[in-house]
Amino acid sequence: MPRPLQALIHTEALAHNLARARTAAPDARVWAVIKANAYGHGIAHAYAGLRAADGFALLELAEAQAVRDLGWRGPILLLEGAFEPRDLELCSRLNLWHVVHCEAQVDWLATHKTQAPHRVFLKLNSGMNRLGFTPSAFRAAWTRLSALPQVGEVSLMTHFSDADACGADTSDADAPSTAGRGIGAQLRRFAAATHDLPGERSLANSAAILRHASAAGVSADWVRAGIMLYGSSPDFAQHDARHWDLRPAMSLRSRLIATQTLEPGDTVGYGSAYSAAAPMRIGVVACGYADGYPRHAPDLPERGTPVLVEGVRTRLVGRVSMDLITVDLTPVPQAGPGSEVTLWGRGPSDSLLPIDEVAQAAGTVGYELMCALAARVPVAPEPA
Ligand SMILES: *Cc1c(COP(=O)(O)O)cnc(C)c1O
């Protein structure tokens, strides 16, 4: 028997979550963001659930090739554009749309040989200060880009730094000042830099789609849905996935491969970090940090990282090790070797452990847990 750990992908949940993005931003086309191996779900599995999207957005050229190989003829957007001039050849060959965020990328286009002009998304740095032209350089970049024979349509985009933030407010989007921080200030900077330029626009990530899509200018022509498609809430713990009607697209499941009975004072795992206060049974789960489970997930009684055993909620005891974790079996006395364990996602008989709760306990976000899933974990669609 293979090691019992596996990640199951719920194709119908992906389709449901995509439909949620459409309902939230009904007038926009939806990019399904599938960078980072579709946030750990696998490009092919994600494609199966998301093929009703209007386009796929990603970073890695190999992933763009994979989407074309799956038969997708529609738009594909490279969210960071070319990393070197040679990448533009693949853009021409596979008809990839690409972001242009810096002067060098314009230079590369200017010397690129192509039959068909490229569709590009010119990126404004509206305050995130990672990628994009500053408001003062944006217009010159647009003018230069638009004049290139290598370029066809020029679209306009930016990325929000605070769309998930409590108190973030778009209601002041029409205020005259472009100073300040937050989504309102970023919207104003985008409007000021682009108001008289033609072209389609794309601004919103998942948090903006769910929280701000009805605010003027946020949904625009294309929204870029990432984390919400995978069933994690972009603004947890303000709102959980259920609040946004998102369904988990991944369940990480394993089994108990042993149990131990502890006497008071017995310890568990490396560093003897956990010590039993009273007699207790613990279960040993085939899953560890080499699978992507967070090594710093705490086992404190009041903040113990949640785990489901046979669908019953319990918690971690002892340190997470490379291949194993240990869990308290007190709430589930009938459990034994072979019992089903849910690390996150859906468990047996309608039980559910939201990935966001595991992430919060471990001091991180659902994004990181999904993306950190290790290559040794088999990923497969849930059997029908
Ligand atoms: C990853 C990414 C997104 C998707 O963000 P989510 O928070 O996962 O919805 C959107 N736009 C850009 C530019 C990205 O890099």
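Quantities reported herein were computed from a predicted structural model and do not represent experimental measurements. (Residues numbered from 1 in each chain as written. Predicted model: local features only at pLDDT ≥ 70, side-chain atom pairs only at ≥ 80, totals over all residues. Heavy atoms only, no water.)

## Looking at the site of the ligand
Just so we agree on the cut-off: Here a residue is considered near a molecule or strand provided that any single heavy atom belonging to it is located within 4 Å of it. Each polar contact in these results corresponds to two N or O atoms within 3.5 Å; when the atoms are within protein, one needs to be able to donate a hydrogen and the other to accept it, and residues that are neighboring in sequence are counted only if both atoms are side-chain atoms. Using a 1.4 Å probe, accessible areas were evaluated by the Shrake-Rupley method; residue-level cover was limited to the displayed protein chains.
Neighbouring the ligand are the residues V33, K35, Y39, L79, H159, N205, S206, R224, G226, I227 and Y367. Interatomic distance of 2.5 Å between a side-chain N/O atom of Y39 and an oxygen atom of the ligand. Surface burial for the ligand is 93%, taken as the share of its 390 Å² of free accessible area covered by protein chains.

## Considering the pattern of salt bridges
What counts here: The salt bridge criterion pairs a side-chain nitrogen of Lys or Arg with a carboxyl oxygen of Asp or Glu, the two atoms within 4 Å. We count a stretch as a helix when DSSP gives it H or I for four or more residues in a row; a strand needs E for two or more, and each element gets its number in order from the N terminus. Accessible area is worked out with a 1.4 Å probe on protein chains only. A residue is then buried under 20% of its type maximum, exposed over 50%, and partly exposed in between.
The tally for this structure, following the rule as stated, stands at 17 salt bridges. Of the charged contacts, one joins E84 and R86 as a salt bridge, the two residues approaching to 3.4 Å between their closest N and O atoms. Between R376 and D291 there is a salt bridge, with its nearest N and O atoms 2.6 Å apart. With R376 in the loop between α11 (366–371) and β19 (379–381) and D291 in the loop between β13 (280–286) and β14 (306–309), this pair connects stretches of sequence that are 85 residues apart. Here D291 falls in the buried class, since its relative accessible area comes to 1%. Put simply, R3, D291, D323 and R376 are held in one network by salt bridges that share partners.

## Things to note about the domain arrangement of the chain
Reports often express the size of an interface as the amount of accessible area lost when the parts come together. Condition: An automatic or database domain assignment is the source of the domain bounds shown. A contact between two residues is defined here by any heavy atoms of the two lying within 4.5 Å. Two parts placed together each lose some accessible area under a 1.4 Å probe, and the buried area is that loss summed for both. Ten residue types, Ala, Val, Leu, Ile, Met, Phe, Trp, Tyr, Cys and Pro, are classed as nonpolar, four, Asp, Glu, Lys and Arg, as charged, and the remainder, Gly among them, as polar.
By domain assignment, the chain separates into domain 1 (11–230) and domain 2 (250–381). Its C-alpha centre places domain 1 at a distance of 37 Å from the equivalent point of domain 2. Between domain 1 and domain 2, the residue contacts involve ten residues of the former and nine residues of the latter. With both sides pooled, the region where domain 1 packs onto domain 2 buries about 810 Å², and carbon together with sulfur makes up 66% of that total. Notably, a salt bridge pairs R346 with E12, separated by 2.6 Å at the nearest N-O pair. If you look at where domain 1 meets domain 2, you find two residue pairs in polar contact (both at pLDDT 80 or more). Taken together, the elements giving at least two residues each to the side of domain 1 that touches domain 2 come down to α1 (11–24) and α2 (35–39). Within the side of domain 1 that touches domain 2, the residues separate by chemical class into five nonpolar, four polar and one charged.

## A closer look at the side chain of H112
Mapping H112 onto the fold places it in the loop between α6 (103–110) and β6 (118–123). The class for H112 is buried, based on a relative accessible area of 9%. Within the local environment of H112, its side chain forms a polar contact with the side chain of S92, the two groups lying 2.7 Å apart. Setting aside residues no more than four positions away along its own chain, H112 makes contact with L88, E89, S92, H118 and Q150.

## A few points about helix α5 (residues 87–94)
The line we're drawing: In this description, one arc is meant: the one made by directions from the helix axis to the C-beta atoms.
Within α5, the full set of buried residues consists of D87, L88, L90, C91 and L94. In an axial view of α5, the angular spread of the buried residues amounts to 155°, which keeps them on one side of the axis. Buried-residue contacts for α5 involve α4 (61–69), β4 (76–78), β5 (97–100), α6 and β6. N95 occupies a position one or two residues after α5 and carries a positive phi of about 55°.

## Topic: the nonpolar core
In plain terms, the rule: We call a set of buried Ala, Val, Leu, Ile, Met, Phe, Trp, Tyr and Cys residues a nonpolar core when their side-chain atoms join them within 4.5 Å.
In terms of nonpolar packing, the biggest core is built from 112 residues, with I34, L50, L145, Y293, L343 and W344 touching the most fellow members. Sequence-distant contacts of L343, defined by excluding residues within four places in its chain, comprise L5, L252, R253, S254, C287, Y293, P306, V307, I325, L353 and V358. Ranked by size, the runner-up nonpolar core spans seven residues in total, among them A276, M280, I282 and V317.

## Remarks on the environment of S146
In this structure, S146 sits in helix α7 (residues 135–147). Classification of S146 as partly exposed rests on a relative accessible area of 32%. Separated by 26 residues in sequence, S146 and V120 have C-alpha atoms that sit 9.7 Å apart.

## Section: the pairing of strand β7 (residues 151–157)
Heads up, the condition is: Note on pairing: two strands pair once DSSP finds at least 2 bridges between them.
Across the seven residues that make up β7, a large majority, five, are buried. Of the pairings in the sheet, the one linking β6 to β7 comprises five bridges and is parallel in character. Across the sheet, the residue bridging to L122 is L156, located in β7. Judged from the two bridges that link them, β7 and strand β8 (residues 201–202) form a sheet pairing that is parallel. From the neighbouring strand, M157 faces β8, where its bridge partner is S202.

## What to know about the environment of G366
Relative to the helices and strands, G366 resides in helix α11. Sequence separation between G366 and M128 is 238 residues; the distance between their C-alpha atoms is 21 Å.

## Looking at unusual backbone geometry
Here the amide bond leading from F236 into A237 is cis, since omega sits at 5°, within 30 degrees of zero. Among the secondary structure elements, A237 is positioned in the loop between β9 (222–225) and β10 (250–262). The phi dihedral of N129 is positive, around 60°, even though this residue is not glycine. Mapped onto the fold, N129 is located in the loop between β6 and α7. At D350, a position not held by glycine, the phi torsion is positive, near 65°. Its place among the elements puts D350 in the loop between β17 (340–346) and β18 (352–353).

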